[in-house]
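If you want the building blocks of each chain, they are given just below.
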Amino acid sequence: MHSKDQICHEDYQRTADWLLSQTQHRPKVAIICGSGLGMLADALKCQDSFKYSDIPGFPQSTVKGHAGRLVFGELKGKTCVCMQGRFHMYEGHSLSKVTFPVRVFKLLGVDTLIVTNAAGSLADSYSCGDIMIIRDHINFPGLAGLNPLNGPNDDKFGTRFPPMSGVYDKSLRKMAFDICKSMGVSQYVQEGVYCMVGGPNFETVAEARLLHRLGVDAVGMSTAPEVLVASHCGMRVFGLSLITNKVVKSYEDNETVNHEAVLEVSKMRSETLQVLVTELISQMDINNNTA
Ligand SMILES: O=P(O)(O)O[C@H]1O[C@H](CO)[C@@H](O)[C@H]1O
Ligand SMILES: Nc1nc2[nH]cnc2c(=O)[nH]1
């Protein structure tokens, strides 16, 4: 490793090689669990799991609801790797650290990334407990110049100027909708625009109104960096936001949001999300034969 923030190809490779030497699993799909959504890993069969603190080069989780474990296993015959806990910019990690696992996954042979998060809703039609399939995102830190792809481009991963239109795979979004229909849960499934803000504070009323006027449906403090890095290195991306709270948009509203409430709602929808993600992976077209 060069400096605190600069990570080179060999650093990703070293971590990938270590993981490949510790498990027989050769995942094609990676899942990143949002706040309180770590139970998505529980469905994996034949698990091999590693504490982040035991994995060379891995950052550490510091947020409640992010266990800090990497779990390998099989879901309906497909090999997956699941992050029980992600890294956020507000924890003090550089964006290269936040997205470090995504490039490691690429080197493990992963070609599809499923990201999940807990988010607050701006859209008037959304309710607490809704599941939002992410159609697109607005990356506020990115627009302001805080981008994990800043710095020398690593051509082995991808191009200097990656396109981001259509970053959330259309056919996976449709597949997820159809699965929700067959599960009988369409009444609380939405599709919309996620916005990443830096956090760690929740929004002021004026900020909430601004985001609403910009067409943001749900806001959170993650996801965009991992998605950028995954797309840059050619992965297919699918994302889900669990709406854990309504963002306060009125000065008359005395409600306040807190992380405990966010975790509580995540727990409430954990089973539905687990079934949805499992079914999606089971229906996905994946070549599971090569490393
Ligand atoms: O995006 P995830 O990791 O799901 O977590 C969300 O929930 C936390 C706030 O409660 C923030 O970290 C926000 O980003
Ligand atoms: N920024 C932000 N992140 C969240 N994560 C869960 N809920 C929220 C929210 O209301 N705002």
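For the structure, check the block above.
Keep in mind that this is a model prediction, so the values were computed, not measured.

Draft legend 1. Molecular detail of unusual backbone geometry. The linkage connecting Gly199 with the following residue, Pro200, adopts the cis geometry, with an omega of 0°. Residue placement: Pro200 occurs in the loop between strand E7 (189-196) and helix H6 (205-213). Positive phi, close to 50°, is recorded for Cys46, a residue that is not glycine. Along the chain, Cys46 turns up in strand E2 (residues 45-51). Even without being a glycine, Lys76 presents a positive backbone phi close to 45°.

Draft legend 2. Summary view of the packing of aromatic side chains. According to the stated counting rule, one finds eight aromatic pairs in the structure shown. Geometrically, the ring pair formed by Tyr12 and Phe157 is edge-to-face, given 5.4 Å between the ring centres and 85° between the ring planes. Of this pair, Tyr12 sits in helix H1 (residues 9-22) while Phe157 sits in the loop between helix H4 (140-143) and helix H5 (170-183), and the two are 145 residues apart along the sequence. Exposure class is identical for Tyr12 and Phe157. Each is buried. Judged by centre distance (5.8 Å) and plane angle (85°), the rings of Phe50 and Phe72 are edge-to-face. Highlighted residues: Phe50 in strand E2 and Phe72 in strand E3 (residues 69-75), separated in sequence by 22 residues. For the pair shown, Phe50 and Phe72 are each scored as buried. Among the aromatic side chains, those forming a connected cluster through ring pairs are Tyr12, Tyr52, Phe58, Phe87, Phe100 and Phe157. The ring of Phe100 has Lys97 lying over it, and the distance from NZ or CZ to the ring centre is 5.7 Å.

Draft legend 3. Highlighting the packing of H5 against helix H9 (residues 270-283). Packing of H5 against H9 brings their axes to within 10 Å, and their N-to-C directions diverge by 125°. Comparing the axis directions of H5 and H9 gives the class oblique. When the axes of H5 and H9 are compared, the crossing they make is right-handed. In this structure, H5 uses Leu172, Met175, Ala176, Ile179, Cys180 and Met183 to contact H9, whose residues at the interface are Thr272, Val275, Leu276, Glu279, Leu280 and Gln283. Partitioning the contact of H5 with H9 into residue classes produces nine nonpolar, two polar and one charged.

Definitions and limits used
- Residues numbered from 1 in each chain as written.
- Chains lettered and ligands numbered in written order.
- Predicted model: local features only at pLDDT ≥ 70, side-chain atom pairs only at ≥ 80, totals over all residues.
- Heavy atoms only, no water.
- Helix = DSSP H or I, 4+ residues; strand = E, 2+ residues; numbered from the N terminus.
- Phe/Tyr/Trp six-rings, centres within 6.5 Å; stacked < 30°, edge-to-face > 60°.
- Buried < 20%, exposed > 50% of the residue type's maximum accessible area, 1.4 Å probe, protein only.
- Lys NZ or Arg CZ within 6 Å of the ring centre and 35° of its normal.
- Axes fitted to C-alpha atoms, helices over the stretch in contact; angles between N-to-C directions.
- Parallel < 35°, antiparallel > 145°, perpendicular 65-115°, else oblique.
- Left-handed = near helix turned anticlockwise from the far one by under 90°.
- Contact = heavy atoms within 4.5 Å.
- Nonpolar A, V, L, I, M, F, W, Y, C, P; charged D, E, K, R; others polar.

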